[in-house]
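Examining the three-dimensional arrangement
Residues per chain are reported as follows:
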Amino acid sequence: MKVLSLYVEGDSLVHKLAPVTKLAYAVTSVIITLLFPSLLVGSLFVVLSFILSLNARIMKHMLTLLAVVLVLSISILVIQVLFNPSNQTVIFEIGNIKFYKEGLVHAFVLILRLYNMIISFGILILTTKPSDLVDNLVQRGLSPKFGYVLSSVLQIIPQMLSTTSTIIDAQRSRGLETEGSFFRKMRAFVALLGPLVLSSLVEARERAMAIEVRGFGIQGKRTMLNEIRETNIDKFILNILRILLVFAIVWRIVLWVIH
């Protein structure tokens with residue numbers, strides 16, 4: 001059975017890194033940008049993530065993910081520039097509408113955090129097979145049951161997209177009109193929603209029966225069919241990320257105590 005995922009086949013350095021290493025980078029970059037609301041820190045991680053995306057040759061797919069949050073970014077920019085409570089310095093005015101420097105800076109910090117989160121986790125998802133990520137985490141002591149849940153979450157979006165496409169083709173063959181006015185599209189959406197929900201429930205039931213038949217809940221030591229090896233490069237990167245994360249947390253606590 002074909003496993004659906006957002007994984008993009010490749011042979012880059014990023015692809016060769018262990019899944020846990022890429023997960024650690026994504027989590028560390030997000031935490032540090034949250035701890036330090038700075039344009040410099042956010043920009044550094046965004047630039048680094050872009051470089052990694054270029055190395056992995058997934059920029060085309062990454063731009064698709066970034067386009068999804070474009071509207072949210074614009075909303076953050078408008079709200080912060082106009083209504084941020086700390087707004088004092090007016091940059092320019094359009095009629096009675098004033099745009100403030102403080103809101104603009106804060107908006108860029110929030111947007112950099114958002115894009116860093118999308119890009120860093122996008123690197124993980126686009127360059128890592130879900131099965132490899134789960135196997136690597138289970139090797140490191142993660143509960144197999146939690147690993148199964150994680151694997152299901154990573155596959156739910158591509159699985160639902162594939163199912164939706166199949167249902168749309170089936171409904172069109174029966175004469176359902178899916179193009180045209182807004183109300184016609186809404187009627188088509190309602191017609192698609194029922195089969196999509198039902199098919200998702202059936203797939204969940206079938207998957208639950210399949211894993212029980214294969215002894216998923218058995219107790220005892222497990223052997224790994226696909227053993228993920230972590231290289232010296234992975235260990236080096238993980239150590240650097242640990243140092244950065246510890247330093248960021250300690251430094252943030254020191255700043256909090258001082259102020």
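Predicted model only: the values in this text are computed from it and were never measured.

**So, helix 5 (residues 70-83)**
With 14 residues, helix 5 ought to run about 20 Å at 1.5 Å a step, and its terminal C-alpha atoms sit 20 Å apart, in line with that. Of all the positions in helix 5, only S73, I76, Q80 and V81 are classed as buried. Buried residues of helix 5 fall within an arc of 110 degrees about the axis and therefore sit on the same side. Facing away from the buried surface of helix 5 by more than 90 degrees, the exposed residues are V71 and F83.

**Here's the deal with the nonpolar core**
Nonpolar side chains in soluble globular proteins tend to be buried together. Membership of the largest hydrophobic core comes to 18 residues, with the highest contact counts inside it found for I58, M62, I119 and I123. Secondary structure elements with two or more residues in this core: helix 3 (39-56), helix 4 (59-68) and helix 6 (101-127). Looking at this core element by element, the count peaks at 8 residues for helix 6.

**Structural notes on the packing of helix 4 against helix 6**
Where helix 4 meets helix 6, the closest approach of the two axes is 10 Å, and the angle between their N-to-C directions is 140 degrees. It follows that helix 4 is oblique to helix 6 by the angle criterion. In this structure, helix 4 crosses over helix 6, and the sense of that crossing is right-handed. Contacts from H61, M62, L65 and L66 in helix 4 reach Y115, I118, I119, G122, I123 and L126 in helix 6. Within the contact of helix 4 with helix 6, the residues separate by chemical class into 8 nonpolar, 2 polar and no charged.

**Concerning the environment of P130**
Mapped onto the elements, P130 comes out in helix 7 (residues 130-139). Taking relative accessible area as the criterion, P130 reaches 9% and is therefore assigned buried. Taking the C-alpha atoms as reference points, P130 and P19, 111 residues apart in sequence, are found 9.0 Å from one another.

**Structural notes on the packing of helix 2 (residues 19-35) against helix 3**
In a packed pair of helices, the relevant descriptors are the angle between the two axes and the axis-to-axis distance. Close contact between helix 2 and helix 3 brings their axes to 9 Å; oriented N to C, the two are set at 160 degrees. Here helix 3 runs roughly antiparallel to helix 2, going by the angle between their axes. Note that helix 2 runs across helix 3; the crossing there is left-handed. The segment helix 2 lies against helix 3, with Y25, S29, I32 and T33 engaging V41, G42, F45, L48, S49 and L52. For the contact of helix 2 with helix 3, the residue count by class is 6 nonpolar, 4 polar and no charged.

Rules used in this analysis
Residues numbered from 1 in each chain as written. Predicted model: local features only at pLDDT ≥ 70, side-chain atom pairs only at ≥ 80, totals over all residues. Heavy atoms only, no water. Helix = DSSP H or I, 4+ residues; strand = E, 2+ residues; numbered from the N terminus. Expected span 1.5 Å × (residues − 1). Buried < 20%, exposed > 50% of the residue type's maximum accessible area, 1.4 Å probe, protein only. Arc of directions from axis to C-beta. Core = buried A, V, L, I, M, F, W, Y, C linked by side-chain atoms within 4.5 Å. Axes fitted to C-alpha atoms, helices over the stretch in contact; angles between N-to-C directions. Parallel < 35°, antiparallel > 145°, perpendicular 65-115°, else oblique. Left-handed = near helix turned anticlockwise from the far one by under 90°. Contact = heavy atoms within 4.5 Å. Nonpolar A, V, L, I, M, F, W, Y, C, P; charged D, E, K, R; others polar.

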